[in-house]
Amino acid sequence: MSGVGATAAWIAYARAAETLRTDRLFTDPLAVAFMERTNAELLAQLRASPTSRFDVLAVRTKYFDDYLAAALAAPAVRQVVLLAAGLDCRAFRLEWPAGTRLFELDLPEVLAEKELLVQECDFAPTSCGRHIVKADLTGDWPAALRAAGFDPDLPTAWLVEGLLYYLTAREADGVVRVLTRLSAAGSTLGLEHVNNDTYRAPWMQDWLAQMRTEGRAWKSGVAEPERWLAGHGWRAEVTEPVGVPGATGRQVPQTPSRDVPGVARTWLVTAHRTE
Ligand SMILES: C[S@@+](CC[C@H](N)C(=O)[O-])C[C@H]1O[C@@H](n2cnc3c(N)ncnc32)[C@H](O)[C@@H]1O
């Protein structure tokens, strides 16, 4: 995997690290298998001394696990789409209600590598029908999604995790606009983004420069997720990692309340279709 696709590997490493902790928030066997094959040395280090370095990603994962469980608690919602799925293992590690169809969309090279790993490890989806969709989210991805069997007349639980800051504001808005068009009544949206102050935080500058140099620049943020999503027809509830149940005792940014300006923030969003 190269370019922005390589970021899927980092998230897998973070989830493998979490899986090795005794107080883990989830267990991700695909991430561990991926790390065994690509960075056995780091895996051995993590086994020897578990780390808190990736707590914020573990908390984010837990937040969206809970989001999906809540979304699928509605009997009408049996269609799930993970946009920019990367090495997401939820099809293999979460329990899904009977009849759930889950679509994983990402760039062709990322899904090709993922499928090799899935086959090699003989992973099978727990209880959902799993469909992979090789597509670019800046292109005609709805056509690819429909061709894979997605039905826009059925309510969908969407997940957009770890993606939007790799897109320009216009592209990110386009993804939301298009998925909204594909969202029947009763659909839900789980989404992660950052605010614009993230780009001004001194402690982010080295990371942002590294991302630019490596060709996976962070490009956008949103100041008011509720307002942005309301404009697209969604009622959003927004939290930050520090507000996630399960974050207690974890090393996540202790962000102050939202009326304090100038603070770098990660938005964790659950939204419901209003139209
Ligand atoms: C940080 S990873 C997150 C993966 C996954 N959502 C997770 O949390 O494990 C970002 C993912 O976005 C995907 N991505 C970035 N730009 C994309 C695009 N234009 N079209 C499709 N996928 C894209 C990358 O290939 C990568 O898998």
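What you see is a predicted model; the values in this text were computed from it and never measured.

K.L.:
So what's going on with the packing of helix H1 (residues 6-19) against helix H2 (residues 29-38)? Residues and values would help.
P.N.:
Two numbers describe how H1 lies on H2: the axes approach to 8 Å, and their chain directions differ by 110 degrees. The angle between the axes of H1 and H2 places the two elements in the roughly perpendicular class. When you trace H1 past H2, the crossing you get is left-handed. From H1, Ala9, Ala12, Tyr13, Arg15, Ala16 and Thr19 reach across to H2, where they touch Ala31, Val32, Phe34, Met35 and Thr38. Residues of the contact of H1 with H2, tallied by class, amount to 8 nonpolar, 2 polar and 1 charged.

K.L.:
How would you explain the site of the ligand if you had to name every residue and give the values?
P.N.:
The environment of the ligand is made up of 20 residues, and the closest members are Ala8, Ala84, Gly86, Leu137 and Gly162. Top element by residues in the shell around the ligand is H1. It accounts for 3 residues. Within the shell around the ligand, the residues separate by chemical class into 11 nonpolar, 5 polar and 4 charged.

K.L.:
Quick rundown of H1? Include the residues and the values.
P.N.:
Between the first and last C-alpha of H1 there are 20 Å, a value that for 14 residues agrees with the 20 Å anticipated at 1.5 Å per step. Every buried residue of H1 is listed here: Ala8, Ile11, Ala12, Tyr13, Ala14, Arg15, Ala16, Ala17, Glu18 and Thr19. Where H1 is buried, its residues contact H2, helix H3 (40-48), helix H4 (55-72) and helix H6 (108-121).

K.L.:
An account of the sheet that holds strand S5 (residues 188-194) is requested, with residue identities and associated values reported.
P.N.:
What holds strands together in a sheet is hydrogen bonding between their backbones, with the strands either parallel or antiparallel. Spatially, the 7 strands line up as an open sheet ordered S3-S2-S1-S4-S5-S7-S6, and their pairing is mixed. Of all strands in the sheet, those bounded by a partner on one side alone are strand S3 (129-134) and strand S6 (234-239). Within the sheet, the average angular offset between the axes of one strand and its neighbour, ignoring direction, is 20 degrees. Pairing analysis gives 6 bridges linking strand S2 (residues 101-106) to S3, with the strands arranged parallel. The residue of S3 that forms the bridge with Arg101 is Gly129.

K.L.:
Pulling in residues and values, what's your account of the nonpolar core?
P.N.:
Counting 73 residues, the largest nonpolar core has Ala12, Ala31, Leu83, Leu105 and Val160 as the members making the most contacts within it. Sorting elements by how many residues they give to this core places H4 first, with 10 residues. Setting aside chain neighbours within four positions, we find Ala12 in contact with Ala31, Phe34, Met35 and Leu87.

K.L.:
Now, about the packing of H1 against H4: what can you tell me, with residues and values included?
P.N.:
For any two helices packed against each other, the geometry is given by the interaxial angle and the distance between the axes. For the pair H1 and H4, interaxial distance at closest approach is 9 Å and the crossing angle is 90 degrees. With respect to H4, the element H1 is oriented roughly perpendicular. Here H1 contributes Ile11, Ala14, Arg15 and Glu18 to the contact with H4, which in turn contributes Leu57, Ala58 and Thr61.

Rules behind the numbers
- Residues numbered from 1 in each chain as written.
- Predicted model: local features only at pLDDT ≥ 70, side-chain atom pairs only at ≥ 80, totals over all residues.
- Axes fitted to C-alpha atoms, helices over the stretch in contact; angles between N-to-C directions.
- Helix = DSSP H or I, 4+ residues; strand = E, 2+ residues; numbered from the N terminus.
- Parallel < 35°, antiparallel > 145°, perpendicular 65-115°, else oblique.
- Left-handed = near helix turned anticlockwise from the far one by under 90°.
- Contact = placed C-beta atoms within 7 Å.
- Nonpolar A, V, L, I, M, F, W, Y, C, P; charged D, E, K, R; others polar.
- Near = placed C-beta within 6 Å.
- Expected span 1.5 Å × (residues − 1).
- Buried ≥ 20, exposed ≤ 12 C-beta atoms within 10 Å, placed from the backbone.
- Pairing = 2+ DSSP bridges.
- Core = buried A, V, L, I, M, F, W, Y, C linked by C-beta atoms within 7 Å.

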